[in-house]
Structure formats: structure tokens, C-alpha cells
Amino acid sequence: MKAQLRLILFCLLALWNTIAQADDKLMGTVIGTKECVDYSNTSRMTTTVNTCANAFDGNMNTFFATWERSYTWAGLDLGSPHVITKVGWSPRNDSQGEGRVVLAVFEGANSPDFMDALPLYLISERGEIGSMTYADVTCSRGFRYVRYVGPSDARCNIAELEFYGHPGEGDDSHLYQLTNLPTVSIHTQNGIIPKDKVNEISAQLTIISNEGAKLLSEPGSIRERGNASRNFPKKPYRIKFSKKQTVLDAPAKAKKWTLINNYGDKSLMRNLLAFELSRRMGMPYTPYGTAVDVLLNGEYKGCYQLCDQVQVHKNRVNITEMARTDNIGTELSGGYFVEVDAYANQEKSWFNSNKGNPVTIKSPDEDSITTQQKTYIKTYFNKMESQWETYLDKNTFLRHFLVGELSGNTDTYWSTFMYKDRGDDMMYTGPVWDFDIAFDNDNRTFPVCGKSDYIYRSGGSCAGNMRTFVDNIVVRNSVAKQQMLTIWDEARQSGLTEENLVAFIDRMEVELEQSQRLNFQRWQIMNTFVHQNPKLWGSYQAEVQNVRRFMRERLAWMDKKLKYTFVPNPVLDISVNLAQSYQVFTLSGQPCGTTLDGLRPGVYVIRQGASSKKVILR
């Protein structure tokens, strides 16, 4: 009995010591941004006034304020790794102080340049002048260096900072995510901020997911990406790992990934919804995409969409990747990945087709394409344009068209990806891309469902003469129009329904709730017209409701336009005798192989022996 009591007392003492140890206020060498601002002397730069030491002097009437307005910080070198269990802060005592701490980020690192830093906590509420606010930290890794990174445009401006914890290396069993979404944290060499699409900035690329249980942190680089989207204050980025990586649950193991900014899309979900339409429309490849929170050098940047870099890859655009030696015979015939692109003349590797369509050659890229290869794809594209009934794959073109029209995308033919594989005479269309002004988010075409004709013919933006090219197929060709109706019926019967699409929007709204709150604290544009916004809906919930309303109306509009009456297919699940060979086809007759394994849910035709039957694959 005494032994049991001694054991209990020992355990209680150990627990008490752990708690007491965890609550220790940590001391160390003060570190931080050197260049400060002296407000008392015409706001001049200084290294002796309002320095980072003020944030650790215990005096709430002094403060730290930096010369630069963003990416500035104050912290401690603890001398050895410590597991941080609590942080505290008090804002500068002035009229703006309480708001200046909102979206500030605490970080820990074991490298003095903070390249390996992980987030510890993000402040989401206003501070209280004259008192400390505290937050528990749940990151289990130990850090030697800790810091507070001020929010954008705040000059750090902080009165007091405190860190609590205990010595130890810790582990990676539980790391900190900003919200329920994965956190993407990027630290660049020497703190350089990407400014263009050309210069690659060396970086450490970190992704925390699975509620803090999974970590991917690898070296790589970052640069800006996009065209019009680069003009927004919230910048889009392309990240590139030094080695191929499997990112989250993406199918591709690859180096290159994109961070889409979705600045003008206040629902933050339009691209993801369009990708869902693409999958339901049966496109051969739909880019991977998921919503994430992004930090850059410790500064919160907002809610982004992490997705595939659209490129030649076995799990992306799955065609043969050409070598510089592929200049004759069958090798010269592919693969080629191109984009009918309104911005083509800003690229190095591009041409104007005979029918006046600007085309960027994406692969082979500008650094490796040979003269023979460029001549071949230009000649072939011109042949495809003039003889599209022979050389254009109508199946992918029409599915791509239907995604663009169902989403009401103004830009479907402003930028259109196409590809041709080796030894294949056909040109294929896809993948779908760029839907930030779709789903009734363009003042030039709003309200889309109020128009009597397709969006590409009613104010849609078309590169070159793409409007005429599309007209020849979907308006003037009876065979293509009938095939399009068959594809539409297949999709509608396979789950492209109002119920399913609204349910997807509902799920995305819930998933994005935490992140959107932070995003619109960072980018206070909810009641401001940005990009092509047609209306101010006033709240995130109202923005999503507009997308939900449009989706309901547009599905009915498309049925009417195609003269289609949706009657749910009464086909029941029918078992297949897997012991016998069989062939699988779509409802439109496209072959899908000799197995149901790996096929997306939908209705298929199974041909087994002399009999054929419909099967629902769930």
C-alpha cells in the first residue's frame, strides 16, 4: 500500500514539475529586425530607438517599431531547443495598436535564418492595450529560435512579447495548423519576396496537414505565376520542390505546384467547383486542387488553392514527353501540349495559326523545343483547324465546352489547353482551367442565365478567332450537336444533378468557414468591387449563396438550351460476372477498357459475350 502511495506521489510530483516547467517564462538573447523607425524625429530610420529590445523589457509604455512595413519581427535566441507551450503579447499603446496584432504569427526555428521555421500560433483577435493576452501552443517540436512576425503593413509595432516552455528537442507528433485546412508555410533565402514570373527564389517549402500530424518540408523555390491575377495585391505563386514530392492526397508525384490566389472570387471555391464539374463531365484529366492557408516568411497571405501545375506528366497531361532528339518520323509527332492563349504574344514560344488564333507551345518548353518540332506543331495545328472533323477529338472538346458553359465561364476560350500525343492523329482538348470569374462573377456578362445564347457567344472573351472555331462545331455541325447531347445525358444520368452540386457547395462552405474569416481579415474586400465583381453581396455566406443560386439556375438553363428533359435513369445495379472477360463503354460509346476497376462513379455499358447491359458504378 505504501509503495502504491509513493508511486502516486512520485507521479503527481513529476506531473507538477512538468506543469511548472512548461509554465516557465523563457529568457534569451533578443533578436529581430534591426532597422527601426523613430517617430519623434520626422519618422527617420534608426537602429537605436524603438528597437526589438523594447518588446522584452517588461515596460508596456515602450514599443518596437520597424522601418519596413511588412515581413519584420522580434524574437529570442533561447540558446538550445525548447518546446513552447504558451505565448503572450501586448499591443503598442496608441490609437491603432489593438488592431496591429491581428494576423501576427508566432514561429519557432532551429536555424538562425528561420528557413526551417514552423508556425506556433496566429493571432486572430484584437489585442488589449496595457495588458498581456496569452494563448496555449500545441506544437510539439522544440526550437532554439522563436519570434513574433508582425502582420502586413504594421511595422511590427508591439509593446511586449513573452514565450513560455521547457527545454527539449520535442517531436513532430503534433504541429500547428492555422485552421482545419492544410497550412503551406514558405520561407525564402534572405527573406527575398517573389516579384516576377522569371526569377526563382530559393525556399523551404513546408506543408502541415492531417490536423498537425503530417509534415512535408523540403527545399525548393518560389516565383509568381499567372497573367491578370498577378496584378492583384494577393499574389499567385508557383512553387517547385527540388525533388518530386507527393503533396497531400494529389495523384501526381511532381516538383511543380501552383498556389491560386482567387482574389476576385469571394466564395474562394469557384475553381474547385469547376474541377468537380470537370470530373462529373468525364474529362480524362481534371487538375488536382484543394484549399489551403498560406504563410510567406511568417506573414499570413490568405486562403489559396493548392493545385497541379498543368504540365506533361503521367498523372497530369498524360502524353509522351519529347526530347530534343525527337526530330524525325513518329518521334516528331508528339507529344505536344499547347494553349490557345490571348497572352501568347508575351511568350517566347508561340505562333499565330492560319485562322488567326494565338497559340503558346507549353511542351516542349521554350528552352528545349527544336526548329523541327515547332514547325511540326504549327503545321499540324493549322491542319487541325481547317479539318477539325478529322483531326479534333470531339469527345474531349465537347466535354470541355459543356464545363465552360455550365459554369458560365467568360474565359473558356480566352485560354484553352489542347494536346497531341505521339503516333496519334487527333488533337484533344483540356484540361479545364481558370474559373475565378465564372459562376456569375463577371460584370460584363452578369446575369449569365438571363442570356438566350451560350456565354462564349454572349460577351465571353475569346482569343483570336476562337468564337468562329467553336461555332463551326457546336452551332453548325449536326453530328457534333448530337454527340454533345449524348454526353450531357450521360453526365446527367451519372450524378450531374442539382442535389449533388448543391451538396458539394454546402460541403465547401463548411470546409472554408475558418479560413475565409482569416482571409477577409487580411484582404478587407468583401464590400469592395475587385476584378470583375458584378455585385457586392455583403458577406461570405451571401457570396456562396450566389454560387448556389447560379448552379441551380444554370443546370435548368442548360437543359432548356440543349432541349433536354432530365428523367432519372431507373437502371439498377447489375452484377457482372468477373470470371468472364468483358468490355466497358460510356453511354456515348467511348471505350473505357476491359475492367471496372479505377473508373469514376457513373453509368456504363458492359459488353460481355453477345449481350450488353447498363451498369451503375457507385
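Because the structure is predicted, anything quoted here is derived from the model rather than measured.

(A) Structural detail: the overall build of the protein. Looking only at helices and strands, the protein features 10 helices and 25 strands. In terms of C-alpha radius of gyration, the protein reaches 28 Å, essentially the compact-globule figure of 25 Å for 618 residues. With the principal axes as the frame, the protein shows a C-alpha extent of 80 × 75 × 55 Å. Split into buried and exposed, the 618 residues of the protein put 56% on the buried side. Of the contacts made within the protein by residues no fewer than 6 positions apart, 69% connect residues no fewer than 24 positions apart. Total accessible area on the protein is roughly 26600 Å²; 49% of this is exposed by carbon and sulfur atoms. The averaged location of the 68 negative side-chain charges in the protein is 5 Å from the averaged location of its 70 positive side-chain charges.

(B) Broad picture of the packing of helix α6 (residues 394-406) against helix α8 (residues 478-493). Running from N to C, α6 and α8 cross one another at 65°; their axes reach a closest spacing of 10 Å. Between α6 and α8 lies a crossing whose hand is right-handed. Note on element contacts: α8 touches α6 through Ala480, Gln483, Met484, Ile487, Trp488 and Glu490, opposite Lys394, Asn395, Leu398, Arg399, Phe401, Leu402 and Leu406. Residues belonging to the contact of α6 with α8 are distributed by class as follows: eight nonpolar, two polar and three charged.

(C) How the structure looks around the sheet that holds strand β14 (residues 253-260). Sheet architecture is closed into a barrel: seven strands sit in the order β10-β11-β12-β13-β14-β16-β15, paired in mixed fashion. If you compare each strand with its neighbour and ignore which way they point, the axes differ by 35° on average. Here strand β10 (residues 183-188) runs beside strand β15 (residues 289-296); their pairing, made up of four bridges, is parallel. Looking at β15, one finds that serine 185 is bridged to leucine 295. Contacting β14, β15 and β16 (299-308), helix α3 (residues 270-280) crosses the sheet at an angle of about 155° to β15.

(D) Focus on a positive patch on the surface. A surface patch of like charges, here positive, comprises Lys244, Lys253, Lys255 and Lys314. Take lysine 244: it is sitting in strand β13 (residues 237-246).

(E) View of the confidence of the model for the protein. Per-residue pLDDT for the protein averages 93, and the proportion of residues at 70 or more is 93%. Across residues 9-21 the pLDDT falls below 50, and counting only partners more than four positions away or on other chains, this stretch makes three contacts in the model.

(F) Representation of the pairing of β13. With five bridges joining them, strand β12 (residues 214-224) and β13 adopt antiparallel strand pairing. Counted as the bridge partner of serine 221 is lysine 240 from β13. Relative to β14, β13 runs antiparallel, the two sharing six bridges. Bridging across to β14, isoleucine 239 finds its partner in tryptophan 257.

(G) A look at α8. For α8, built from 16 residues, the straight-helix expectation of 22 Å at 1.5 Å per residue is met to within 8% by its first-to-last C-alpha distance of 23 Å. Buried within α8 are the following residues: Ala480, Met484, Ile487, Trp488, Glu490, Ala491, Arg492 and Gln493. N-cap assignment for α8: the residue whose side-chain oxygen lies 3.2 Å from the backbone N of valine 479 is asparagine 477. Positive backbone phi, approximately 120°, marks glycine 495, located one or two places after α8.

Analysis parameters
- Residues numbered from 1 in each chain as written.
- Predicted model: local features only at pLDDT ≥ 70, side-chain atom pairs only at ≥ 80, totals over all residues.
- Heavy atoms only, no water.
- Helix = DSSP H or I, 4+ residues; strand = E, 2+ residues; numbered from the N terminus.
- Rg over C-alpha atoms; globule rule 2.2 N^0.38 Å.
- Buried < 20%, exposed > 50% of the residue type's maximum accessible area, 1.4 Å probe, protein only.
- Contact = heavy atoms within 4.5 Å.
- Areas by Shrake-Rupley, 256 points an atom, 1.4 Å probe, with all protein chains shown as cover.
- Lys, Arg positive; Asp, Glu negative; His and termini not counted.
- Charge placed at Lys NZ, Arg CZ, Asp CG, Glu CD.
- Axes fitted to C-alpha atoms, helices over the stretch in contact; angles between N-to-C directions.
- Left-handed = near helix turned anticlockwise from the far one by under 90°.
- Nonpolar A, V, L, I, M, F, W, Y, C, P; charged D, E, K, R; others polar.
- Pairing = 2+ DSSP bridges.
- Patch = residues over 30% accessible without salt bridge, like charges linked within 9 Å, V, L, I, M, F, W, Y side chains within 5 Å.
- Salt bridge = Lys/Arg side-chain N within 4 Å of Asp/Glu carboxyl O.
- pLDDT = per-residue confidence, 0-100.
- Expected span 1.5 Å × (residues − 1).
- Polar contact = N/O pair within 3.5 Å; in protein donor to acceptor, adjacent residues only side chain to side chain.

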